[in-house]
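Here are the chains, one letter per residue:
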Amino acid sequence: MSKTKVMVVEDESIVAIDIGQRLESLGYEVTATVSSGEKAIEKAQETSPDIILMDIVLKGKMDGIEAASVITERFNIPIVYLTAYSDEKTLKRAKITGPFGYIIKPFEDRELHSVIEVALYKYEMDIKLKKSEELYRIMVNSMNDILFTMDMDEKCTMISEPQLKRYGLNKDDFIGKTPLEIFGEEGKIHHEHNLKVLMGESVVYEWSTQFTGEKLYFQTSISPLKNEKDEIIGIVGLFRDVSDLKEAKKALSWELNVNNSLAELSQKLLNPISLEKISKNVLNYAVSLTGSQFCFVGYVEPGTKNLKSFSVTPQVYEKCHVSDIFSTEFNFNEVGGLWGWVLDNKEPLMTNDPYNDPRSIGTPEGHVKINKFLSVPAIMDGELVGQIALANAEEPYQDHDLELLSRLANLYALAVHRKLSENQIKASEEKNRRIVEKFLKIVSEVLTEIK
């Protein structure tokens, strides 16, 4: 087993030699004996001792306390101070450098040995503690969850800051504050659950917040924080951001609802109903699935540019005061703005700021105010069959709304095309029936004359 290496910093040569001999007799290896602070720094780097015995009072520009400060910062070598002075002012200066012990001169060999061994043990424990703290810091910083603790008064005593920075927050927004002070009214849910935990329960709950300006969803897990006597001294918990999971569940639920609704609508459109009823059914589903206030659904008469048999939401009748807007048909060549752009270009259009959209020409006097607009053409074999237009949803229109309306427009186009084809067949059958009846009448008349 290698000997513990000790460096001695002492400006009195006789004392330095004596200390060196004592150390060797105790089984230590003396790596160097120096008399100045500057030399101590130099030799500390050269010899890398396990511990340094440093006299506080040294001759020259740098005393032992200054030298110890530099050595600790640069090389992290434990320091034990040697001093004949035990005054409060000197000790206060020395404490700042974080020494691992003091020896008041004169001292006995037994005392020297004890101080060195205790200092080395403390240093070893200090290294382990720092490694443990570093490992804890790395683990906490690597977590996606936000770790926190609170005292018995629900005041935050610790919170992992790196995760907070993702939300534009820092620990000063939380430390020393209660949930009610941090979140305001939103903090009530935390207060209620904290009271349960302080009574010994462990709780998991979900909550939402707009604390950072955007809607976020969190799952919080909290448990009693206990001391070595198993006494509750506070709360320890985790905030887990489940916003993505919540949005995924919401999207899945929305998609399921849409698919079920479109299946229901498809069944209704297979029934022998009028074009007006087809438009009305599509309108009802478009409104309910998008939360829109206003809706228009109409088909294009074949061979013309006339929108016919359209259906509109009742609110339009109540709030729109433009004359002749509710005629049963009109030529869409005369329709401009966003609505007309969709018809002319046979392309969908979505805007949550219609008045600033370059394709907009505004609305006529008495028209309902439009603050959001979404419209999709109904296309069949490249030909314009009709149009669905929505306005003023509760929330801004998004891509999934556009996708939904496109699917509705496809169903509408198929239903209208099928109905028009049926009407053509019926008209053809009626024409053939009349021709046959006329032919039979002529034959009957001829036979009558022959007789």
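None of the values given here were measured: they were computed from a predicted structure.

(A) Region of the structure containing the sheet that holds strand β5 (residues 101-104). Spatially, the 5 strands line up as an open sheet ordered β2-β1-β3-β4-β5, and their pairing is parallel. The two strands at the open ends of the sheet, each matched to only one other strand, are β2 (29-34) and β5. Here the average twist between neighbouring strands, direction ignored, is 20 degrees. Pairing between strand β1 (residues 5-9) and strand β3 (residues 51-55): 4 bridges, direction parallel. What sits directly across from V6, in β3, is I51. Sheet strands in contact with helix α1 (residues 13-25) are β1, β2, β3 and β4 (79-83), and its direction is about 170 degrees off that of β2.

(B) Expanded view of the pairing of strand β16 (residues 383-393). Counting buried positions along β16 gives 10 out of 11 residues, so the element sits mostly inside the fold. As paired elements, strand β15 (residues 373-380) and β16 share 8 bridges and run antiparallel to each other. In the sheet register, L374 faces β16, and the bridge partner there is L390. Turn length for the β15-β16 hairpin, with the two strands adjacent in sequence and antiparallel, is 2 residues, and the turn residue D381 shows positive phi of about 55 degrees.

(C) The pairing of β1, seen in detail. Most of β1 is tucked away: 4 of the 5 residues are buried. Pairing geometry for β1 and β2, over 5 bridges, is parallel. By the bridge assignment, V8 is partnered in β2 with T33.

(D) Layout of the packing of helix α2 (residues 37-47) against helix α3 (residues 64-75). Between α2 and α3, the shortest axis-to-axis distance is 9 Å and the interhelical angle comes to 20 degrees. In this view, α2 runs roughly parallel relative to α3, as classed from their interaxial angle. Seen from above, α2 lies across α3 with right-handed handedness. The residues of α3 that touch α2, namely those facing G37, A40, I41, A44 and Q45, are A67, V70, I71, R74 and F75. Its residues assigned to classes, the contact of α2 with α3 comprises 7 nonpolar, 2 polar and 1 charged.

Rules behind the numbers
Residues numbered from 1 in each chain as written. Predicted model: local features only at pLDDT ≥ 70, side-chain atom pairs only at ≥ 80, totals over all residues. Heavy atoms only, no water. Pairing = 2+ DSSP bridges. Helix = DSSP H or I, 4+ residues; strand = E, 2+ residues; numbered from the N terminus. Axes fitted to C-alpha atoms, helices over the stretch in contact; angles between N-to-C directions. Contact = heavy atoms within 4.5 Å. Buried < 20%, exposed > 50% of the residue type's maximum accessible area, 1.4 Å probe, protein only. Parallel < 35°, antiparallel > 145°, perpendicular 65-115°, else oblique. Left-handed = near helix turned anticlockwise from the far one by under 90°. Nonpolar A, V, L, I, M, F, W, Y, C, P; charged D, E, K, R; others polar.

Nothing here speaks to function; it is geometry throughout.
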